[in-house]
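Here is how the chains run, residue by residue.
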Amino acid sequence: NIFGSLFSSFPTSGGFSRSAVSESNGAKTGITSIISASVVLTTLLFFTPLFYHLPKTILASVIIMAVIKLIDWKQCIYLWNTNRSDFYMLQATFMGTLFIGIKEGILIGVGLSLMMMVYQTTRPHLAVLGNIPNTTFYKNIERFSEAKEIAGALIIRFDSRIYFANVNYLQDQIEQLMEARKSKLELFIMDAQSISSVDSSGMQALNDLLQSCESKNIKLAFTSVIGPVRDTFAKEGFANLLGKDHFFEQINEAISALLDPNQDVSTNHIKFQTNIP
């Protein structure tokens, strides 16, 4: 490659199958390529008649025996048992490489991975939370049978950032949950501990949520909002629109303050600390 670079040549490298054969024979450094090239050149110059009638199946068997060691069957079994989507992407990449080509197979794998990532971020996990009796813990009611929903309150946890790709999914889910509880719903709480950021589309969705709650006479509150998201709420004016006394550290604080008319929440704004002047 160094010599060829002086004459504008394309860079060269070893083939996948030849590299596999070299590796299976204990190759450790790039010197292997020099020795392999020397042996091939010597064979072409002086020993071609000896190999002329050698069946191609013999050469193929050498490559197959070398490459088959690179197939990690244990990883396939592991993915089948733990993550089926990764297993199917692995199989698609393998089949694409086998029947089309290495470059095409890699592109298939990368493309499927990107598609799966986009799909997962557009439909992230959303949990309805309930209280574990005699504690201040709130857990997913679908995972913890002892978790009980608070009467008059809907508490959800959205395990993703809120951005343009998933706002429609979030709005649809919230609307369905509210519709199922509309006759008794007084308070809607969003546990924001898993929300890492909110973009402009997400802020618009939250503003729409606030308007929807106000039109239905439902109180809206946020808990465990992290610093960067609080800064976004402050810059966008959402914190003032909702009221800083509707942000809490713990879910039980929000329930006590907003479901109990005798509670005074006028000093709760001290918990809404931001880096925005």
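Predicted model, so just to flag it, every value in this text is computed and none were measured.

## Regarding the pattern of salt bridges
At step 1: Tallying each qualifying case throughout the model produces two salt bridges.
At step 2: As a salt-bridge pair, Arg181 and Glu149 come within 3.1 Å of each other at their nearest N and O atoms. Here the residue Arg181 occupies a position in the loop between helix 8 (167-180) and strand 4 (187-191), and Glu149 occupies one in the loop between strand 2 (138-140) and strand 3 (153-158), the gap between them amounting to 32 residues.
At step 3: Here Arg157 makes a salt bridge to Asp159, at a shortest N to O gap of 2.7 Å.
At step 4: The buried category is assigned to Arg157, whose relative accessible area is 17%.

## Section: the side chain of Thr223
At step 1: Locating Thr223 in the fold gives a position in strand 5 (residues 219-223).
At step 2: Look at Thr223 and you get buried, because its relative accessible area is 0%.
At step 3: A distance of 3.4 Å separates polar atoms of two side chains, one belonging to Thr223 and the other to Asp191.
At step 4: Thr223 has contacts with Ile189, Met190, Asp191, Ala192, Gln193, Phe248, Glu249, Gln250, Ile251 and Ala254, leaving out every residue within four places of it along the chain.

## A closer look at the nonpolar core
At step 1: If you look at the biggest cluster of nonpolar residues, it comprises 34 residues, and the most contacted ones within it are Phe188, Met190, Phe222 and Phe233.
At step 2: Of all the elements in the fold, those that place two or more residues in this core are strand 1 (126-131), strand 3, helix 8, strand 4, helix 9 (200-215), strand 5, helix 10 (227-236) and helix 11 (238-242).
At step 3: Grouped together as the second largest cluster of nonpolar side chains are 14 residues, Ala221, Phe248, Ile251 and Ala257 included.

## Describing the layout of surface pockets
At step 1: Within this model, the largest pocket holds a volume of roughly 860 Å³.
At step 2: Every residue lining the largest pocket is counted, 20 residues in all, and those nearest its centre are Arg18, Val39, Val40, Thr43 and Leu59.
At step 3: Going through the elements one at a time, helix 2 (16-24), helix 3 (31-51) and helix 4 (56-67) are the ones with two or more residues in the lining of the largest pocket.
At step 4: When the residues that make up the lining of the largest pocket are grouped by side-chain class, the tally is 11 nonpolar, seven polar and two charged.

## Some remarks on the packing of aromatic side chains
At step 1: Summed over all chains, the structure comprises 10 aromatic pairs.
At step 2: Taken together, a centroid distance of 5.6 Å and an interplanar angle of 65° make the contact between Phe222 and Phe233 edge-to-face. Placement of Phe222 in strand 5 and of Phe233 in helix 10 is noted, with a sequence separation of 11 residues between them. In this structure, Phe222 and Phe233 share a single accessibility class: buried.

## So, a nonpolar patch on the surface
At step 1: Taken together, Leu41, Leu45, Phe46, Phe47, Leu50, Phe51, Leu54, Ile58 and Leu59 make up a surface patch of nonpolar side chains, about 940 Å² in accessible area.
At step 2: Of all the elements in the fold, those that place two or more residues in the nonpolar patch are helix 3 and helix 4.
At step 3: By residue number, the principal contributor to the nonpolar patch is helix 3, which donates six residues.
At step 4: Note on placement: Phe46 falls in helix 3.

## Notes on the pairing of strand 5
At step 1: Most of strand 5 sits inside the fold, with four of its five residues counted as buried.
At step 2: The pairing of strand 4 with strand 5 spans five bridges and is classified as parallel. Of the residues in strand 5, the one forming a bridge with Phe188 is Leu220.
At step 3: Note that the unit made of strand 4, helix 9 and strand 5 has a crossover that is right-handed.

## A few points about the pairing of strand 4
At step 1: Most of strand 4 sits inside the fold, with five of its five residues counted as buried.
At step 2: Covered by surrounding structure in strand 4 are Leu187, Ile189 and Asp191 together with Phe188 and Met190, the residues of both alternating faces.
At step 3: Direction of pairing for strand 3 relative to strand 4: parallel, over a ladder of five bridges. Along strand 4, the bridge assignment pairs Ile156 with Met190.
At step 4: After leaving strand 3, the chain enters helix 8 and then returns to the sheet as strand 4, a path that is right-handed.

## Regarding the sheet that holds strand 2
At step 1: Spatial strand order, 2-1-3-4-5-6: six strands in an open sheet with mixed pairing. Across the chains shown, the open sheet's two edge strands, defined by having one partner strand only, are strand 2 and strand 6 (247-248).
At step 2: In the sheet, strand 5 pairs with strand 6 via two bridges, with the strands oriented parallel. Bridge pairing in strand 6 links Thr223 to Phe248.
At step 3: Across the sheet, helix 8 is in contact with strand 1, strand 3 and strand 4; its angle to strand 3 comes to roughly 155°.
At step 4: Sheet contacts for helix 9: strand 4 and strand 5; angle to strand 5, the most-contacted strand, approximately 140°.

Parameters and conventions
Residues numbered from 1 in each chain as written. Predicted model: local features only at pLDDT ≥ 70, side-chain atom pairs only at ≥ 80, totals over all residues. Heavy atoms only, no water. Salt bridge = Lys/Arg side-chain N within 4 Å of Asp/Glu carboxyl O. Helix = DSSP H or I, 4+ residues; strand = E, 2+ residues; numbered from the N terminus. Buried < 20%, exposed > 50% of the residue type's maximum accessible area, 1.4 Å probe, protein only. Polar contact = N/O pair within 3.5 Å; in protein donor to acceptor, adjacent residues only side chain to side chain. Contact = heavy atoms within 4.5 Å. Core = buried A, V, L, I, M, F, W, Y, C linked by side-chain atoms within 4.5 Å. 1 Å grid on protein atoms, 1.4 Å probe; cavity = no way out; pocket = protein on both sides within 12 Å on 5 of 7 lines; lining within 4 Å. Points joined across faces, edges and corners; volume = space filled by probe spheres on them. Nonpolar A, V, L, I, M, F, W, Y, C, P; charged D, E, K, R; others polar. Phe/Tyr/Trp six-rings, centres within 6.5 Å; stacked < 30°, edge-to-face > 60°. Patch = residues over 30% accessible without salt bridge, like charges linked within 9 Å, V, L, I, M, F, W, Y side chains within 5 Å. Areas by Shrake-Rupley, 256 points an atom, 1.4 Å probe, with all protein chains shown as cover. Pairing = 2+ DSSP bridges. Right-handed = clockwise from strand over helix to strand, strands pointing away. Axes fitted to C-alpha atoms, helices over the stretch in contact; angles between N-to-C directions.

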